Structure formats: structure tokens, C-alpha cells
Protein chains: 2
Amino acid sequence: MKPLLLITNDDGLNAKGIQTLIRVARTIGDVVIMAPDRNSSGLAHSFTSSRPLRINTISNVPECTIYTCDGTPVDCIKVCVEHFCPRKPDLVLSGINHGSNASINVLYSGTMGAVIEASASGYQAIGFSLLDHSQDADFEPTVPYIKDIILRTLKHPLPNCTSLNVNFPVPEDGIIRGVKVCRQSHARWLDSYEKRIDPRGMPYFWLTGRFECNDIEPDTDQWALENGFISVVPTTTDFTDKCSMPQIQAVYE
Amino acid sequence: MKPLLLITNDDGLNAKGIQTLIRVARTIGDVVIMAPDRNSSGLAHSFTSSRPLRINTISNVPECTIYTCDGTPVDCIKVCVEHFCPRKPDLVLSGINHGSNASINVLYSGTMGAVIEASASGYQAIGFSLLDHSQDADFEPTVPYIKDIILRTLKHPLPNCTSLNVNFPVPEDGIIRGVKVCRQSHARWLDSYEKRIDPRGMPYFWLTGRFECNDIEPDTDQWALENGFISVVPTTTDFTDKCSMPQIQAVYE
């Protein structure tokens, strides 16, 4: 039996990124897609419990069924595996995201929210992102690498509760230099809210912001991407800061 | 000058939990509160970028200013530190949440989303939660411990990008046995969506679910809580799974 690949994203079903991912996945196995019915960027690991979910069937071809859901990327994974997958998926894929989910962006990412949810629920899972926000970004250079990463993961399963956060560079010379398994770089968003006044004299605040990364050691995802490599970060569901345990324990002794 | 404590939560300003936290914080320093204007449980690390934020001023007393925001807990932190804090907060507090944020719940938690955001932005931050979901939960037993944990953190600052996820048990005998610094227990939610049919014959899906934890070793938060201890988990903004790096690296060599 062919492997079953479950696909979602956070940009919505019509995004070019997920359409590319579906095309690659169909060359490998049967595919079930459940994507949010609207752009759900920045929804992170949020889920819906205060209202029920609605699902729309877009395509019913057995080897490639497509649904949309009015919830978050995490909701898509949760409801799809229970009610809409014909069998347990062999691999959950999310993306290809329009824009980086490397470094601290993993915290905010709906794409990676779905991946971490799948991983926490016992599924193999990979998130793919391209460092180009534009709607018509060129995903073609990612195609052979995505196929390779999917096949390697099917052959060499990830450890329990570990997923992959894969980001693709957009090198100036167009040459991707290979794959680097690396750690999440420390960085932060320097947020700035632009205060405006509405026609009735009331203030409102628009989020703007600037990404600042001072941790570009050769073992980081940010270094890999800035040097033309694809970054692959093994990602955990365990947020314990094990390094600082002794220091904190000393405070409470 | 008194320390400045910035407070938020995910249950909204009217929740009993945040009112208790405000009361404790006011005995220690000046307080700025910015809470979501509605229940924002399960919003995790999501933030708002596709529309501007609106802020309401609820109270203008200089040593205790109170605002509500129509965004997420993460939004509250982001916009408050820039536009509504009179100076850099010495400590960011979130909660007291009505219900557990121990173990895998940290992934979904808006309370902890705010804390992790504050920590990623360079602030000291602590999330507090009580293992009682009810609106009229009894937060009084947490009061002396919260004061102690705040004072210890002001005296012994946390490492960069490390925050604390503090959960309070509700022991049957009412006796809290102390504080345990521990790791996040591995667990998962066994989700089940209840399918219903609306009056027009269309299906909709309600999330239900059951928490399953088989990792109750003595060094876990789940063990601490089940044995009457307050769990304190040092929490990181770095999701890299360092343990599995060698295994994944071997796949890509």
C-alpha cells in the first residue's frame, strides 16, 4: 500500500506553496489535504474549542482528497486524522510556507504549529518554508529537495515527538548548496506599533517589526540560510530549559 | 523606585485568577495590566498582524493602570511594553490561569504564550496556573507562594530567554507540600471530535478530548502536581531537539 501523506499549511488552500507541496507528495503516495479556508499565518499552536468546526469537501478523488476547515492549522490536523483520513497517515506535511519559519519564527508559525501538533500526537511530521513572502514566489527549486527529505524520513523515521523544521534559502546566485541539520538560532522581533488615529479621533495600533539575529554561528539555521543551505532543525514538543535547571533549582533549595 | 510588574492572562480581565495575581503584585511593586478583552484560552503564541489593535483604558491610577486589548495575550505583551508601560517592566506575570498549563498544555496555552513572548523579548517572565478550571476556583492558597516566587525571581534573575511555568495543585487534603523545580512531562491529548448535524442537515464538529500522561517520573511536573507540590518548569524559547541532532545528522550525511 502506498504511504499516506496528510498535508496542511497556514496560508490557505489557494497558496502556491501548498499547491507545490501537493504536487511533490502525489509522486510519492496517496494524499489527504485539509487546509484552513483563509490565511492563518501567525496562529502558532492555537486551536478552536469555543465553537464547532465546519469542513468543506473540495475534491473527492480517492488518492487525493481535499478539504478546507474554518479553524486553525492545528485544528486541521486534529480533526483530519480522526474523521477524514482513510487510515493513519505515514507522514504529516505542512507548507510550503511563504516566508521564513527559521529561528524564533517557529514560535509564531501556524505552519509549524500544525507540525508540532502532529508530532505531539504521535505522527511523523515535517514543515517546509521558503524565505520569500511573495504570493508568486518561485517554489520550483525546492521540489527535488522536498521529495528527497520526504523519502529519507519515510525510510528513517524521526524519534518520538521530534519533527523537522525545513527552511529553503533564496540565494542571490540561485544555487542551493545542500542540506544542513542545525539548531534554531537565537533571535527576536523588535516590534514597533504604529499608532494611528481613526476618523472618529480614536487611536489604533498596527504591528510592524524588524527581525534581529545576532546568533549566526555555523551550527545555526540562520547561518545555513544566509550561506545558501537548506536548514533542517529537529524540533521538540518539550519546552523544558534543561540547561538552566540546576540554576533554578538552587533558587528553591 | 518600586519594581514594575506587567500582568496579562488569557481568561480576560474579569477572571478571578488575574484579580488574585493583581492583588499579590500590588503588595510588591507598581503594576500595569493589559489583558485580552475576552476569553483567549487556547490561543497559544498567536498574534495579530492583519488588523490593528484597539486598547481600552479601564483604570488610570498611576501605580495600577489597567487596559484591555482586542488581541491575543502575545499582542498584549508586545503593544504594552512599547506604548503603555511607563518604564521597562522588571517582571512580566501571566495568569493565574483557570486550569492546568503543565505538561503538553504549555503548547496550547495563551497564558504561557504571553510568558514565552516576554522571555523571547528579553524580559523576566512567569506564568501561574491553578489546576481548577472553574470560574469560582479558590486561588487563596496560591497567594503566599506567588509572592515568594515573584520575590525570589526579582532577587535571582532568570537566565536569558528562560521563563517559569508555575502550576498549583489542588490537593484533596488542601495541603500544598512545597515547590518542585521539574521538567515538562511527556503527554498528549487524545482528541475526539463529536460530529453533529445542524437543522439544515450539515455536519459540524465539536472538540472534546482526554489528557493522557504516561510519564509520571518523580522529576516531572505531572508527578509534582499529583503529589501536592507546586511545579516550576524552566521554559525555553529554543525548540531545537538537541538530543536527536546526531540521529538526524546521520540521515543527511
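Keep in mind it's a predicted model, so treat the numbers as computed, not measured. (Residues numbered from 1 in each chain as written. Chains lettered and ligands numbered in written order. Predicted model: local features only at pLDDT ≥ 70, side-chain atom pairs only at ≥ 80, totals over all residues.)

**Q** Explain the sheet that holds strand E5 (residues 91-98) of chain A to me, please; I cannot follow it from the model alone.
**A** Strands in a sheet are paired, the pairing made by backbone hydrogen bonds, and the direction either parallel or antiparallel. All names here are of chain A. One open sheet accounts for nine strands, arranged E3-E4-E2-E1-E5-E6-E7-E11-E8; its pairing is mixed. The open sheet is flanked by strand E3 (55-61) and strand E8 (178-181), the only strands paired with a single partner. Strand after strand, the sheet turns through a mean of 20 degrees between neighbouring axes, direction not considered. The pairing of E3 with strand E4 (residues 64-69) spans six bridges and is classified as antiparallel. Across the sheet, Asn60 pairs through a bridge with Thr65, a residue of E4. Sheet strands in contact with helix H2 (residues 73-83) are strand E1 (4-8), strand E2 (30-36), E3, E4 and E5, and its direction is about 135 degrees off that of E2. (Pairing = 2+ DSSP bridges. Helix = DSSP H or I, 4+ residues; strand = E, 2+ residues; numbered from the N terminus. Axes fitted to C-alpha atoms, helices over the stretch in contact; angles between N-to-C directions. Contact = placed C-beta atoms within 7 Å.)

**Q** I'm lost on the relation of the copies chain A and chain B in this one. Help?
**A** One copy of the chain maps onto the second through a rotation about an axis and a displacement along it. Under the fitted operation, chain A is carried onto chain B by 0.0 Å of movement along the axis and a turn of 180 degrees, and the coordinates agree to an RMSD of 0.0 Å. On this basis, the relationship between the two copies can be described by a two-fold rotation axis. Counting the interface residues of chain A, we find that 98% of their copies in chain B are interface residues as well, pointing to one common contact surface. (Least-squares fit on C-alpha atoms with pLDDT ≥ 70 in both.)

**Q** Help me understand the interface of chain A and chain B in this model?
**A** The accessible area lost on association of the parts is a frequent measure of interface size. Opposite the 60 residues of chain A that make contact, chain B presents 59 residues. Where the side of chain A that touches chain B is concerned, the elements lending two or more residues are H2, helix H3 (110-120), E8, strand E9 (188-197), strand E10 (203-212), strand E11 (229-236) and helix H6 (245-251) of chain A. For the side of chain A that touches chain B, the class distribution of residues is 30 nonpolar, 19 polar and 11 charged. (Nonpolar A, V, L, I, M, F, W, Y, C, P; charged D, E, K, R; others polar.)

**Q** How should I be thinking about unusual backbone geometry in this particular structure?
**A** Excluding glycine, residues mostly have negative phi values, and the peptide bonds linking residues are mostly trans. Residue and element names in this part refer to chain A. At the junction of Gly95 and Ile96, the peptide bond is cis and its omega measures out at -10 degrees in the coordinates. Locating Ile96 in the fold gives a position in strand E5. Phi is positive for Ser103, close to 50 degrees, though the residue is something other than glycine. Residue position: Ser103 is located in the loop between E5 and H3. Residue classification places Ser103 among the buried residues on the basis of 27 C-beta atoms within 10 Å. (Buried ≥ 20, exposed ≤ 12 C-beta atoms within 10 Å, placed from the backbone.)

**Q** Is there a simple way to think about helix H4 (residues 143-155) of chain B in this case?
**A** Along an α-helix, residues three or four apart share an orientation, since each turn contains 3.6 residues. All names here are of chain B. With 13 residues, H4 should reach 18 Å at 1.5 Å per residue; the first-to-last C-alpha distance of 19 Å fits that figure. When H4 is considered as a whole, its buried residues turn out to be Ile146, Ile149, Ile150 and Thr153. Along the axis of H4, the buried residues cluster in a sector spanning 100 degrees; they form a single face. Of the exposed residues in H4, those oriented more than 90 degrees away from the buried face are Pro144, Leu151 and Lys155. Buried residues along H4 sit against helix H1 (16-26), strand E5 (91-98), strand E6 (125-130) and strand E7 (162-168). (Expected span 1.5 Å × (residues − 1). Arc of directions from axis to C-beta.)

**Q** I keep staring at the sheet that holds strand E1 (residues 4-8) of chain B and nothing clicks. Help me out?
**A** All names here are of chain B. In spatial order, the strands read E3-E4-E2-E1-E5-E6-E7-E11-E8; together these nine strands make up an open sheet with mixed pairing. At either end of the open sheet lies a strand with only one pairing partner, and these are strand E3 (55-61) and strand E8 (178-181). Strand-to-strand twist in this sheet, taken as the mean axis angle between neighbours without regard to direction, amounts to 20 degrees. By the bridge criterion, five bridges tie E5 to E6 in an arrangement that is parallel. Within E6, the position partnered with Leu93 by the bridge is Ile126.

**Q** I'm lost on helix H2 (residues 73-83) of chain B in this one. Help?
**A** When you tally the buried positions in H2 of chain B, you get nine out of 11 residues, the bulk of the element. Regarding H2 of chain B, the residues found buried are Pro73, Val74, Asp75, Cys76, Ile77, Lys78, Val79, Cys80 and Val81 of chain B.

**Q** Would you mind showing me how to read the packing of helix H1 (residues 16-26) of chain A against helix H4 (residues 143-155) of chain A here?
**A** Two measures define how a pair of helices packs: the angle their axes make with one another and the distance between the axes. Residue and element names in this part refer to chain A. Contact geometry for H1 and H4: axes closest at 10 Å, N-to-C directions at 55 degrees. Between H1 and H4, the interaxial angle falls into the category oblique. Judged by the sense of rotation from one axis to the other, the crossing of H1 with H4 is right-handed. Between H1, through Thr20, Leu21 and Val24, and H4, the contact on the second element is made entirely by Val143, Ile146 and Lys147. Of the residues assigned to the contact of H1 with H4, the class counts are four nonpolar, one polar and one charged. (Parallel < 35°, antiparallel > 145°, perpendicular 65-115°, else oblique. Left-handed = near helix turned anticlockwise from the far one by under 90°.)

**Q** Sorry if this is basic, but what is going on with the pairing of strand E10 (residues 203-212) of chain B here?
**A** Along any regular strand, the residues point their side chains to alternate faces of the sheet. All names here are of chain B. Pairing between strand E9 (residues 188-197) and E10: 10 bridges, direction antiparallel. Counted as the bridge partner of Ser192 is Thr208 from E10. Once E9 ends, the chain turns through five residues before running back antiparallel as E10, passing Gly201 with a positive phi of about 85 degrees.

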